[in-house]
Amino acid sequence: MNDRSTQPPLRPVRGTARVAVAALALAAVVWAARAVWHIWLSVAGMPAAGPMDQGGGQHRPPTSLEDGYHIVSSVGGAVTVLCAAMFLNWLWRVRDNARAFSGERPRYIWPWMYLGWIVPIMNLWVPRGIVVDIHRASAPGERLPGVVNWWWGLWLAGMLGGAGLIYADDTDDVIMRAYSDVGLLLAADAAVIGAAVACALVVRTLTKVQQDRLDQATGHETVPASESVGLGGRG
């Protein structure tokens, strides 16, 4: 049922897109720093004292390199949370605009904007499905940009590779992996960095599609960030 009186207003997306892209770029840089630290740990090799977990509840003191990695990992976790918040802020806005463009309710109701990333099995396709639906509503009849599939494939590779995303090892476990099997760890790092770059391109692509339609709707005038072009009250 197309009931435009219940649709959210159209809102400009350039500002939120810029913030999301900046956050994604920062996440890529921080993850690259993690990858460099993984290489340093691998080159240094496990200390003569053995693994940090000595068994029987005993742990040896960490080396300076291991201590440094704990800091880098903590910063990476904080940046990842920030990046997720900025990306979801953008995603909410383009989702609302897509609903206003099409006049139809989204296929995935609002809780899936969050749950879709963390519910096992569902997190393998729901977030991509949300993005696909936004593109379909924003650019009906146009082919899905290939970067969407690149982004999602790289995200899944990083997530399932245990690089510290959803199914994360704790920091000490990752350090042990760097000592024993750095190749797979670096592959997962590369996937996460690639996913961040591809995601930034997804943000730019969908933002351009929507902003072009917004500019047409307003006679090619710039929409102030504090205003919105209403199609009716928010439902």
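Bear in mind the structure is a predicted one, so any value in this text is a computation, not a measurement.

Colleague: Outline the layout of surface pockets, listing residues and values.
Modeller: Over the atoms rolls a probe the size of a water molecule, and its path tells where empty space is left. Looking at the second largest pocket, its volume works out to about 250 Å³. As for the second largest pocket, its lining consists of 15 residues, of which Arg-105, Pro-106, Arg-107, Asp-133 and Ala-137 are closest to the centre. Among the elements of the structure, helix H2 (64–102) and helix H4 (126–138) are those that each provide at least two residues to the lining of the second largest pocket. With five residues, H4 is the single largest residue contributor to the lining of the second largest pocket. Among the residues forming the lining of the second largest pocket, the class breakdown is seven nonpolar, one polar and seven charged.

Colleague: Report on helix H6 (residues 171–180), specifying residues and quantitative values.
Modeller: Every buried residue of H6 is listed here: Val-174, Ile-175, Met-176, Ala-178 and Tyr-179. Close packing links the buried residues of H6 with helix H1 (14–44), H2 and helix H7 (182–217). Two or three places before Asp-172, at the start of H6, stands the capping residue Asp-170, its side-chain oxygen 3.2 Å from that residue's backbone nitrogen.

Colleague: Explain the side chain of Arg-34 to me, and be specific about the residues and the numbers.
Modeller: Following the sequence through the fold, Arg-34 ends up in helix H1. The charged side chain of Arg-34 is buried without a salt bridge, its nearest counter-charge being Asp-189 at 4.9 Å. Among the polar contacts made by the side chain of Arg-34, one reaches the side chain of Tyr-69 at a distance of 3.4 Å.

Colleague: Any chance you could break down the packing of aromatic side chains for me, citing the residues and the numbers?
Modeller: Inspection of every chain in the model, using the stated rule, returns nine aromatic pairs. Where Phe-87 meets Trp-117, the ring centres are 6.0 Å apart and the plane angle is 90 degrees; that geometry is what we call edge-to-face. Pair noted here: Phe-87 is in helix H2 and Trp-117 is in the loop between helix H3 (112–115) and H4, with a separation of 30 residues, a long-range link. Its relative accessible area of 15% is what places Trp-117 among the buried residues. Each residue in the set Phe-87, Trp-90, Trp-117, Trp-151, Trp-152 and Trp-155 is aromatic and connected to the rest through ring pairs, giving one cluster. The positively charged end of Arg-213 is found above the aromatic ring belonging to Phe-101, 4.1 Å away from the centroid.

Cut-offs applied
- Residues numbered from 1 in each chain as written.
- Predicted model: local features only at pLDDT ≥ 70, side-chain atom pairs only at ≥ 80, totals over all residues.
- Heavy atoms only, no water.
- 1 Å grid on protein atoms, 1.4 Å probe; cavity = no way out; pocket = protein on both sides within 12 Å on 5 of 7 lines; lining within 4 Å.
- Points joined across faces, edges and corners; volume = space filled by probe spheres on them.
- Helix = DSSP H or I, 4+ residues; strand = E, 2+ residues; numbered from the N terminus.
- Nonpolar A, V, L, I, M, F, W, Y, C, P; charged D, E, K, R; others polar.
- Buried < 20%, exposed > 50% of the residue type's maximum accessible area, 1.4 Å probe, protein only.
- Contact = heavy atoms within 4.5 Å.
- Polar contact = N/O pair within 3.5 Å; in protein donor to acceptor, adjacent residues only side chain to side chain.
- Lys, Arg positive; Asp, Glu negative; His and termini not counted.
- Salt bridge = Lys/Arg side-chain N within 4 Å of Asp/Glu carboxyl O.
- Phe/Tyr/Trp six-rings, centres within 6.5 Å; stacked < 30°, edge-to-face > 60°.
- Lys NZ or Arg CZ within 6 Å of the ring centre and 35° of its normal.

As far as function goes, none of this settles anything; it's purely spatial.
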